[in-house]
Every structure is written in structure tokens, then in C-alpha cells.
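Single-letter residue listing:
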Amino acid sequence: MRQLEARVPPPIVMLGLMAAAFGIAAATPALTAAPPFKAALSMAAGLSGLALNLAPKIAFRRARTTVNPLRPSATTHLVTSGIYRYTRNPMYLGHALILLGWVLYLGNAMAYAVVPVFIALVSRFQIAPEERALGVLFPEYADYRRRVRRWL
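Conventions and cut-offs
- Residues numbered from 1 in each chain as written.
- Predicted model: local features only at pLDDT ≥ 70, side-chain atom pairs only at ≥ 80, totals over all residues.
- Heavy atoms only, no water.
- Helix = DSSP H or I, 4+ residues; strand = E, 2+ residues; numbered from the N terminus.
- Rg over C-alpha atoms; globule rule 2.2 N^0.38 Å.
- Buried < 20%, exposed > 50% of the residue type's maximum accessible area, 1.4 Å probe, protein only.
- Contact = heavy atoms within 4.5 Å.
- Lys, Arg positive; Asp, Glu negative; His and termini not counted.
- Charge placed at Lys NZ, Arg CZ, Asp CG, Glu CD.
- Salt bridge = Lys/Arg side-chain N within 4 Å of Asp/Glu carboxyl O.

Caption draft 1: Quick look at the overall build of the protein. Along the backbone of the protein there are 5 helices and 0 strands. A compact globule built from 152 residues should have a C-alpha radius of gyration of about 15 Å, and the protein, at 17 Å, falls within 12% of that. Each of the three principal axes of the protein carries a C-alpha extent, and together these read 50 × 35 × 25 Å. Buried positions account for 41% of the 152 residues belonging to the protein. Here the analysis covers contacts within the protein between residues at least 6 apart in sequence; of these, 80% occur between residues at least 24 apart. Of the side-chain charges in the protein, 17 are positive and 5 negative, and the distance between the mean point of each set is 6 Å.

Listed below in C-alpha cells is the structure:
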């Protein structure tokens, strides 16, 4: 399974699962599960996810390090300030929130399943190899990992 690690960019995984959620919703229209204030909730989740994607990219640019998820060994600086004080993976959390916003918008009970699938795939095939690489590159990463949660 290691040959699959850090091969597909998480935004592509998110988009693929958005398409899957759409297909699920189209195939199972009887399973409508729209929450109250569906539009507001989906917009809030999506915009929060977008913010969680942009803020870390700005922090990475300031630190002059890579945002390329396919080459974690190219990281030149460990960013632990800002949003990184609360979550080690704000960009992936942002993707999960964008996906959740889409699923809320679709309002289909079966489509909600794609969110934990995203979390599982990204945890296994993206975050795990990133954490190994960061542990090798930065001795202080072990302490940071103990202090800050992976997701929230």
C-alpha cells in the first residue's frame, strides 16, 4: 500500500468524493436528509473549509516552504504558529469541511458517508507519509505532534 502514499493530491480526492456524493444522491433520491437551514449550514461549512485552506497556504508562503502534498520531504520549515497551534492539518480539515458543505447541500443521507471516507483516505495515504517525512526532517516535530492534534 505504500506505493499509493502521497500520489493523489488531497484536493483531487475531495473532488472525486464530491462527484461520488452527487452520484449517490442522484441514485438514492428517496433518502433525503436535508437539515434545517440547509443552505446556511452548507455555506458556513464550505466557507470555513475555504478559509482553512487559504490561511495555511499564506503561512507556508511566508515560511518559504512547499505546499506540495506530493513531496513532503521537500519541506524546508516546520510551521507551528497560527492555525497550526490547533490542528496539524488545517488544509485537509478544510477539504473535509468543503466536502461536508457539499454533502449538506445535497441533503442525502447516503452521501454523508463520503466525509469519513475522505478522512480515512487522507489520514492513511497523505498524512501518515507526511508525518514520517517531517519526523525525519525536524527533530522538534515529535514534541509538536504530542501537543497538537492531527485534525482538531
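The structure having been displayed, the exposition proceeds.
Caption draft 2: Broad picture of the pattern of salt bridges. Applying the stated criterion to the full structure yields 6 salt bridges. The residue E131 makes a salt bridge to R88 at a minimum N-O spacing of 2.5 Å. Highlighted residues: E131 in helix 4 (residues 114–137) and R88 in the loop between helix 2 (38–63) and helix 3 (90–106), separated in sequence by 43 residues. What makes E131 buried here is its relative accessible area of 6%. We classify R88 as buried; its relative accessible area is 11%.

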